[in-house]
Amino acid sequence: MRICLLVPSVCGMRGDVRSVVNLAGELAERHHDVEILSVRRHREKPFFPVSAKVTLSWVIDDQPGVRHLLPRGQMRTEVALWRRLRGLRADAVIATRPGLSVQVARHVPREIVRVAREWGRPPLPGPITKFYPRLDAVVTATEKGRQDWDRLLHGGADVRLIPDALPAGPWPRSRMDNRIVAAGGRWVPAKAYDRLIRAFAVVADKRPDWRLRLYGGGPEERRLRALVQELNLHNHVYFMGTTSDLTGEFAKASIVAVTSRAEMPQTPGMAVIEAMASGVPVIGFDTPSGPGEFVVEGRSGVLVAEGSGEIEAYASALLALIDDERRRRELAAGALGAAAVHTAPEVAGQWEKLITATSR
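Just so it is clear, the model here is predicted, and its values are computed rather than measured. Within any chain, residue numbers begin from 1 and follow the written order of that chain's sequence. Only residues with pLDDT of at least 70 get local features here, since the model is predicted, and only at 80 or more are side-chain atom pairs given and counted; chain-wide, interface and lining totals rely on the full set of residues. Derived side-chain values reflect all non-hydrogen atoms in the structure, with water molecules and hydrogen atoms excluded from consideration.

## Notes on the pairing of strand E2 (residues 33–41)
Here the term buried applies to any residue with accessible area under 20% of the maximum for its type, exposed to any over 50%, and partly exposed to those in between, with areas from a 1.4 Å probe on protein chains only. By the criteria applied, helices consist of DSSP H or I runs no shorter than four residues and strands consist of E runs no shorter than two, each listed in order from the N terminus. Burial within E2 is extensive, with seven of its nine residues counted as buried. The handedness of a crossover follows from its direction of travel: if, with the strands pointing away from the viewer, the path from the first strand over the helix to the second runs clockwise, the crossover is right-handed. This β-α-β element, strand E1 (residues 2–7) to helix H1 (residues 15–29) to E2, shows right-handed connectivity. When DSSP finds two or more bridges between a pair of strands, those strands are recorded as paired. With six bridges connecting them, E2 and strand E3 (residues 55–61) associate as parallel partners. Opposite arginine 41, over in E3, you have aspartate 61 as the bridge partner.

Written out as structure tokens, the structure reads:
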């Protein structure tokens with residue numbers, strides 16, 4: 001099949017981009033003709049490695065020095081995207097943002113299977129409820145997401161659940177003997193790395209031989225570095241920078257920490273899934289759209305209640321797992337088992353079945 005994955009930009013350092021790249025690579029390995037179509041191209045190469053079997057293309061090349069026939073701005077992008085979608089040659093197109101899915105529903109020829117891939121909570125109704133019923137399917141990454149989207153669309157669209165895909169295996173596996181807590185993702189307010197740093201201050205005071213490694217980058221970096229200095233944690237907390245191999249870095253840790261806030265618009269899926277694939281237990285806050293959608297308390301990780309005293313509670317959970325190696329290893333085994341549903345072949349197979357079932 002000819003399959004097109006439509007993304008805002010394949011150059012991003014986001015979990016949803018990582019998921020798309022993983023899926024595209026596996027579909028290409030299964031002898032499909034796969035294209036990742038970016039609305040914009042901001043730099044020469046994507047952040048995450050893309051299989052050589054996958055075609056990369058873009059609607060607008062926004063690299064420095066590139067000249068455009070149309071003026072810059074939203075109108076230029078919309079016109080160029082409309083032209084590209086109207087002339088699309090594919091058996092299926094998978095759009096990865098609500099705004100793009102609306103454009104796919106409006107402009108992609110009906111003989112092509114049209115699918116919306118959703119990670120976050122449903123946005124406000126309007127174009128969504130008007131145009132999504134034209135799509136062949138809406139696919140979410142979690143069961144709660146499926147329920148939310150089905151509720152919004154009132155049964156007007158076929159809403160399915162297909163989990164995110166991990167990178168092609170085999171994955172590196174933690175030996176669970178390094179005294180390291182790791183966390184990874186974009187350093188933005190919703191990720192709440194400040195909560196993790198404050199909780200780790202308690203850990204460092206009681207278990208000074210443990211270290212916290214933070215992977216990623218973003219606008220919060222200066223504030224987080226200042227907090228580390230304020231709490232005198234410069235010998236305990238390390239800013240590791242960005243990496244395209246988070247699974248490999250997590251495999252060097254014995255615990256992975258997730259501290260995203262309850263109001264975070266998207267589930268912290270890929271970081272949690274990659275941690276489990278590395279055989280590392282996850283500690284996270286028990287939020288409505290958080291690690292609890294992937295982690296089972298007491299089987300593959302630990303969930304901490306948000307609210308009053310949450311920093312102390314999180315620190316206590318970290319210390320309890322640090323002090324109980326047997327429990328850490330039991331949770332690690334459970335995490336590895338839970339990651340099995342996210343293997344690239346398993347996920348790609350589900351997409352193949354969906355596309356085949358909805359083909360005209």
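## Quick look at the packing of helix H6 (residues 193–206) against helix H7 (residues 221–230)
Throughout, an axis means a line fitted to C-alpha atoms (over the contacting stretch in the case of helices), and angles, computed between N-to-C directions, take values from 0 to 180 degrees. One can describe the packing of H6 onto H7 by two numbers: an axis separation of 10 Å at closest approach and a directional angle of 15°. When the axes of H6 and H7 are compared, the pair comes out roughly parallel. Between H6 and H7 lies a crossing of right-handed hand. Counting all contacts with H6, which are made through Tyr193, Asp194, Ile197 and Arg198, the residues of H7 involved are Arg223, Leu224, Leu227 and Val228. Any residue outside Ala, Val, Leu, Ile, Met, Phe, Trp, Tyr, Cys, Pro, Asp, Glu, Lys and Arg is labelled polar, Gly included; the first ten of those are nonpolar and the last four are charged. Here the residues of the contact of H6 with H7 sort into five nonpolar, no polar and three charged. Between 65 and 115 degrees an angle is taken as roughly perpendicular, under 35 as roughly parallel, over 145 as roughly antiparallel, and anywhere else as oblique. Crossing chirality is assigned from the near helix's rotation relative to the far helix, an anticlockwise turn below a right angle marking it left-handed and a clockwise turn marking it right-handed. Throughout, a contact is declared for two residues whenever any of their heavy atoms are within 4.5 Å.

## Focus on the environment of aspartate 136
Relative to the assigned elements, aspartate 136 resides in the loop between helix H4 (127–131) and strand E6 (137–140). On a C-alpha basis, the gap between aspartate 136 and isoleucine 355 in space is 9.0 Å, while along the polypeptide they are 219 residues apart.

## Let's talk about the environment of serine 19
With respect to the element layout, serine 19 can be found in helix H1. Sequence separation between serine 19 and alanine 344 is 325 residues; the distance between their C-alpha atoms is 9.6 Å. Contact partners of serine 19, with chain neighbours within four places excluded, come to Trp119, Asp164, Ala165 and Met270. Within the structure, serine 19 has its side chain in polar contact with the side chain of aspartate 164 (distance 2.7 Å). We call two N or O atoms a polar contact when they sit within 3.5 Å, provided that within protein one can donate a hydrogen and the other can accept it, with sequence-adjacent residues counted only if both atoms are side-chain atoms.

## So, the packing of aromatic side chains
Pairing of aromatic side chains requires ring centres within 6.5 Å, counting the rings of Phe and Tyr and the six-membered ring of Trp. Pairs whose planes differ by under 30 degrees are stacked, by over 60 edge-to-face, and all others tilted. By the definition in use, this model includes four aromatic pairs. Between tyrosine 132 and tryptophan 149, the aromatic rings sit 5.5 Å apart at their centres with planes inclined by 10°, giving stacked as the arrangement. With tyrosine 132 in the loop between H4 and E6 and tryptophan 149 in helix H5 (residues 143–153), this pair connects stretches of sequence that are 17 residues apart. Judged by relative accessible area, which is 0%, tyrosine 132 ranks as buried. Owing to a relative accessible area of 0%, tryptophan 149 belongs among the buried residues under this scheme. Considering the side-chain rings of phenylalanine 285 and tyrosine 314, the 4.9 Å spacing of their centres and the 35° angle between planes classify their relative orientation as tilted. A residue pair is termed long-range when its members are at least 10 positions apart, and phenylalanine 285 in strand E12 (residues 282–285) and tyrosine 314 in helix H10 (residues 310–322) qualify at 29 residues. Taking relative accessible area as the criterion, tyrosine 314 reaches 1% and is therefore assigned buried. Note on criteria: charge over ring means Lys NZ or Arg CZ within 6 Å of the ring centre, with the direction from the centre no more than 35 degrees off the ring normal. A cation over a ring is seen here: arginine 41 above tryptophan 58, with NZ or CZ 3.9 Å from the ring centre.

## Concerning the pattern of salt bridges
Once their charged atoms are close, side chains differing in charge can pair, the charge on each being opposite to the other. The working definition used for a salt bridge is a side-chain nitrogen of Lys or Arg within 4 Å of a carboxyl oxygen of Asp or Glu. The tally for this structure, following the rule as stated, stands at 24 salt bridges. Measuring nitrogen to oxygen at the nearest pair gives 3.0 Å for the salt bridge that ties aspartate 148 to arginine 151. Of this pair, aspartate 148 and arginine 151 both sit in helix H5, separated by three residues, roughly a single helical turn. Between arginine 225 and glutamate 221 there is a salt bridge, and its shortest N-O distance comes to 2.9 Å. Taken together, the residues span about one helical turn, with arginine 225 and glutamate 221 both in helix H7 at a distance of four residues.

## So, empty space enclosed by the protein
Here a cavity denotes a set of grid points, spaced 1 Å apart and computed over the protein atoms alone, in which a 1.4 Å probe fits but from which it cannot get out, and a pocket denotes an open set meeting protein on both sides within 12 Å along at least five of seven lines; residues with an atom within 4 Å of a point are reported as lining. Grid points are joined across faces, edges and corners, and a volume is the space filled by probe spheres set on the points. The final tally for this structure, using the stated rule, is four cavities of 30 Å³ or more. Roughly 80 Å³ of volume is contained in the largest cavity. Around the largest cavity sit eleven residues that line it, and Gly184, Tyr193, Ala257, Val258 and Thr259 are the ones nearest its centre. Mapped by element, the contributors of at least two residues to the lining of the largest cavity are strand E8 (180–186), H6 and strand E11 (255–258). Of the residues in the lining of the largest cavity, the class split is seven nonpolar, three polar and one charged.

## Observations concerning the sheet that holds E1
The parallel open sheet is built from seven strands, whose spatial order is E3-E2-E1-E4-E5-E6-E7. Of all the strands in the sheet, just E3 and strand E7 (159–161) have a single pairing partner and so form its edges. Going from strand to strand, the sheet's axes swing by 25° on average, the running direction of each strand aside. For strand E5 (residues 113–118) and E6, the ladder comprises four bridges, and the chain directions are parallel.

## What about the layout of surface pockets?
Empty space within the second largest pocket amounts to approximately 190 Å³. Every residue lining the second largest pocket is listed: Arg18, Val21, Asn22, Gly25, Glu26, Glu29, Pro49, Val50, Ser51, Pro167, Ala168 and Ala344. Among the elements that take part in the lining of the second largest pocket, H1 stands out by supplying six residues, more than any other. A class-by-class count of the residues in the lining of the second largest pocket yields six nonpolar, three polar and three charged.

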